Structures are given as C-alpha cells and as structure tokens.
Amino acid sequence: MTTPSAEPAAATCDVLVAGGGPTGLWLASELRLAGLRPLVVERRTEPFPHSKALGIHPRTIEMFELRGIAGRFLDGAPKLPKGHFASLPVPLDYGAMDTRHPYGVYRKQVETEALLAAHAAQLGVPVRRGHELVGLRQDDDAVVATVQGPQGRYDVRAAYLVGCDGGGSVTRKLAGIDFPGQGPGVAVLMADARFHDALPSDPAMGPFRRYGVLRPDLRAWFSAIPLPEEQGLCRVMVFWYGRQFEDRRAPVTEDEMRAALVDLAGTDFGMYDVQWLTRFTDASRQAARYRSGRVFLAGDAAHTVFPTGGPGLNAGLQDAMNLGWKLAGAVHGWGGALLDTYHAERHPVAAQVLRDTRTQCLLLDPDPRFVPLRETLAELLRLEPVNRYFTGHNTALSVRYDLGGTHPATGGPMPDVLVTTGGGPRRFSACCVTGRGVLLATSGADRGELLRGWKDRVDVVTGTVAQPLDAADYLVRPDGYVAWAGGAGHDEPGLETALRTWFGEPVS
C-alpha cells in the first residue's frame, strides 16, 4: 500500500528498503512474511512506465513457487522453452534441466513489478513513493537514515538498511562501497515502436534476432524483436561497437533513432508510434562488498550487467530471496554471523553473470575476426554437457552454495517433489509458503526431541515422495536451498550443526 504524502518527524522500522522496484518489493515482502516491520521508500511517485526486462527465468519461477504465487506470473504469459547465448544458432535447451519449469516466461517488467507490488500490499508492506534516501549514519545498534519526502526531510531508525536503488545507488555511495568494473565499449539505442514498412531479415543475424541488418563494415547492427501480445510493436536496438555516447544520460529523440536506422539500413522503415526511447552501454560493475556494517546492497545497486537475456532483474530477485530471511533471522536473534553469508553466497553468482554477459557482448561484435569464435562455440553448444553448462548459468538452475556438509545435495536447490503426508499429496514447494525452514523427513527417523528447540523456525514434514531422491531427509532453508541432507543414522550430528548454523541456537 502507498502511504499519504504526509510523513512523521521520525519513524522506526526493522528494515528500511531504499528502492521500490522489483528487488525492493520482493525483499520487503520476504521481510514481512518473516514477521518484520519493513518500510520501502521510493523516489519515483509512480512505477516506471516502460519495461526494461522482458522475461522471468526458470529459477525465479521456482522461487515464486516457494511462496505460492508462481501462478500469477505464469497466467497468460507465453512460455519460452529455449534460450540463447549471444544469439548463436544453437539454442539452450531448458528441457534438459531438472526443474518443474523448464522454460522462461515472457512477462514485461511493468507487469512483473505490478504483481510484486500487489503481493507486497497483500502482506501489508508500507511503500512511500516520492520519498528518497539522502543520508545515513550507523552505529553498533542501528542505522539512522535521512529521507527526503514531499513535505521535507525526516529520519528513519532501523536495525538494517538495504539499498535496492539501482545502478546509481545512493545507498552504495553513502555507505562508501566501491563499485569497480568495466567501462563502455558498445553504444546502444533502443526503442519500442511500430513500422509501416516490412523489416528485413538477415540470415547472418542468427535465428534469435528475427529482423535486422548486420553491418560488419561498420561494426554495427540493428535488430527488431516483435513483442508478444502487442500487435505490430517491436523492440528495436541499434548497436555500435567501438563508439561511446557523449552523454550517457541524454534523452533519446525520435530523430536520433531514425538517423541511426538510416545509417545502418538506408531507411527508418516508416517508424511510428514510438512508445519508449532509451540508451545504454555494455558497462558492467559489481560492488566490492555487499555489506557495510548494517547496510546491504541488492539488485542493480550491487551489480549492473549488459542486458542480454534479462539477467539483471532475475539476479536481483534472487538476491532478495537470499537476504530476506537472513535479515529476519538476525532481527529475531539467530546470530549476526548469518548475515555474512549473504555476500559470500551472492557475490560469486553475480560475478559469473558479469563474466557471461561480457562474453556474450564480445561474441555479438560483428567484426569478421570473431566469426571463427562464434562458429566454434556454436559447435560446442551441440554437445550436451556444454549446452547444459551454459543453460544452467542462463537459468540460474546451476547455482549452488558452499554450505559444507557431507552430502552432495547440500547447497543445491531442493527439487519440488510430490510429497504424500497424512493430509494427502502436495508439492514440496507448498510446504514452504510460510517462509520458514522445512525438514522433509521420509526416513522414518524420530527427531522430535532434536527439533523441539527450533519448532518456531523449522516445520517438519513427514511422508513419502513420488520420485527417487539422493537422500531420505532434507533440511531446506527458507530460500529453497538444501542446508543438510541425510537419513536415519546418517550424519545426524551434521543436522544439528546445520540447524544451529542457519536457524540459531535452540530454545529450551
């Protein structure tokens, strides 16, 4: 819900979230689900009206499934069973992955954000639009943030502050966190528009850039991708390698976009009904650390990447899923060491995303010198293990965290198996909608005495599963990753260690 413009002279909350885009809304929802009092401040008075990202990845769909809301994002949305790496002619095969959702979903970011906002409102998350973080100070006990609102400045005292405020993050700058990375080498203009004239189809562009023209002599190309359910509307992008914008933040005009198309193709194809114009580059950066005391970063505030395949939105949502329950645990007294695992787990994941997107940007360079490299990688993608490797990265389904333990399942995502209990069959994900930890017990071992100390933090689900698993029992974190796996008589001490590590000390 959005609060009125009037604000108190001061406010308190458990966690202040700076930024009310998809990452901030999802994080605040996770905090509220865990019983905390979050507050979201967002400088925009209205949601951003255009869609930067156009897709939801399989792991993100699994994540929504864990909270019982995946259907909202799947309803009426086209499913994409294949992906691509740098538009190479060999597709990435989502069907080869171990998931109930072997597809991406075409869902415009505007729609995704609206669904996340509705979810947050349903949970009672307060969102203050037109309010912007402008200062902060912190000590061992709290963060005091200064917020600029429509009626002036006021302070918010919180246990923690999370910056979800984009690539130019004010939070990151105020916290003094370095943002190293790679400068721009590609200049891109983008528009959502319609065209009176037929668009060309250049076979050299590859099957994943349906319409466009490749100009190796200029180290440039443009592509136009039809947007589903938007009759005649295309997303057109013009790429120049080796060029830079004089002013990256300058508004793009229709005349500038038309001139770019004429330069590459000799015509603007009768472009009309231009709904959005923007510019971007391949500059990519990652925060040196995701935490500074009681201040954290998530989403684009922590990492900005070249937007091939829509990795930014999905990585940000997965950051929030990883961080939310840990912040809640810290507020609930589970121990501060839990918060250090956020950087340790998510920083390497984003580093891999940066490497993959930088590689794709290089491979998209139309310079003829790169043709042999593209042809070689296309041949390699026909090999199942190689295709699976890149598909795992593209979908985030191969993300595994180093959580210790002796069982190979530890650190990976828990399969969404069908579990039959005394109440009948249900998916494992349905056991996770409360946002608590879950011990799935199929071995028959009696752990009532051990689990008593964590009964307020971990639910026990006893039953049988409909498909073979590598272990009989699984301790699963609120974000869906396996913290321990074993069975009757196998690594029982490891279970208690995992419970203490991820859910704090037992309550007697």
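These lines cover the structure that appears in this document, whether it is placed above or below. Because the structure is predicted, anything quoted here is derived from the model rather than measured.

Overview of empty space enclosed by the protein
The rolling of a water-molecule-sized probe over the atoms marks out the regions of remaining empty space. Scanning the model with the defined rule gives three cavities of 30 Å³ or more in all. For the largest cavity, the full set of lining residues is R59, M63, Q318, M321, N322, R346, Y401, D479 and Y481. Secondary-structure elements contributing two or more residues to the lining of the largest cavity are α2 (58-65) and α7 (311-331). Per-element tally for the lining of the largest cavity: the top contributor is α7, with three residues. Its residues assigned to classes, the lining of the largest cavity comprises four nonpolar, two polar and three charged. Approximately 40 Å³ is the volume attributed to the second largest cavity. Lining the second largest cavity, in full, are E30, L33, A34, R67, G324, W325, G435 and P478. Residue composition of the lining of the second largest cavity, by class: four nonpolar, two polar and two charged.

Structural notes on the nonpolar core
Ranked by size, the top nonpolar core spans 81 residues in total, and within it L16, W26, F64, V162, L327 and F428 carry the most contacts. Ranked by the residues each element gives to this core, the list is headed by α7, at eight residues. If sequence neighbours within four positions are ignored, F428 has contacts with M414, P415, D416, V417, V419, V438, L440 and V476. Counting residues in hydrophobic clusters, the runner-up holds 25 residues, among them V90, L92, V188 and L364.

A word on the packing of aromatic side chains
According to the stated counting rule, one finds 16 aromatic pairs in the structure shown. Taken together, a centroid distance of 5.9 Å and an interplanar angle of 75 degrees make the contact between F48 and W276 edge-to-face. Of this pair, F48 sits in the loop between β2 (38-42) and β3 (55-56) while W276 sits in strand β17 (residues 271-281), placing them 228 residues apart in sequence. Seen from their ring centres, W221 and F239 are 4.0 Å apart, and the 10 degrees between their planes marks the pair as stacked. Here W221 is found in strand β15 (residues 220-226), whereas its partner F239 is found in strand β16 (residues 234-241), with 18 residues between them in sequence. What links up through ring pairs into an aromatic cluster is the set Y160, Y290, F296 and Y342. Directly above the aromatic system of F48 lies the positively charged group of K52, at a separation of 4.9 Å from the ring centroid. Across from the ring centre of F245, 4.7 Å away, lies the NZ or CZ of R279, which sits over that ring.

Looking at the environment of A472
Within the secondary structure layout, A472 lies in the loop between β26 (464-465) and β27 (473-476). Judged by relative accessible area, which is 25%, A472 ranks as partly exposed. Linking A472 and E113, residues 359 residues apart in sequence, is a C-alpha distance of 38 Å. Contact partners of A472, with chain neighbours within four places excluded, come to L440, A441, T442, S443, G486 and G487.

Here is what the cut-offs are and how they apply
- What you see as residue numbers is a count from 1 along each chain, following the sequence as written.
- The model is predicted, so local features are restricted to residues of pLDDT at least 70 and side-chain atom pairs to those at 80 or more, both for listing and for counting; the totals for chains, interfaces and linings are taken over all residues.
- Hydrogens and water are ignored here; the side-chain numbers use all heavy atoms of the structure.
- Only protein atoms enter the calculation, which uses a 1 Å grid: trapped sets of points that fit a 1.4 Å probe without letting it out are cavities, open sets showing protein on both sides within 12 Å along at least five of seven lines are pockets, and any residue with an atom within 4 Å of a point is a lining residue.
- Grid points are joined across faces, edges and corners, and a volume is the space filled by probe spheres set on the points.
- Helix and strand definitions follow DSSP, with helices as H or I runs of at least four residues and strands as E runs of at least two, each counted in order from the N terminus.
- Residue polarity is assigned by list, with Asp, Glu, Lys and Arg as charged and Ala, Val, Leu, Ile, Met, Phe, Trp, Tyr, Cys and Pro as nonpolar; anything else, Gly included, falls into the polar class.
- Residues belong to one nonpolar core when they are buried, are Ala, Val, Leu, Ile, Met, Phe, Trp, Tyr or Cys, and are joined through side-chain atoms within 4.5 Å.
- For the exposure calls, accessible area comes from a 1.4 Å probe over protein chains only, and a residue counts as buried if that area is under 20% of its type's maximum, exposed if over 50%, partly exposed in between.
- Only heavy atoms enter the contact rule, under which two residues are in contact if any of them lie within 4.5 Å.
- Side-chain rings of Phe, Tyr and Trp (the six-membered ring for Trp) are treated as a pair once their centres are within 6.5 Å; stacked means planes under 30 degrees apart, edge-to-face means over 60, and tilted covers the remaining angles.
- In this scheme, the term charge over a ring applies when either NZ of a lysine or CZ of an arginine sits within 6 Å of the ring centre and within 35 degrees of the ring normal.

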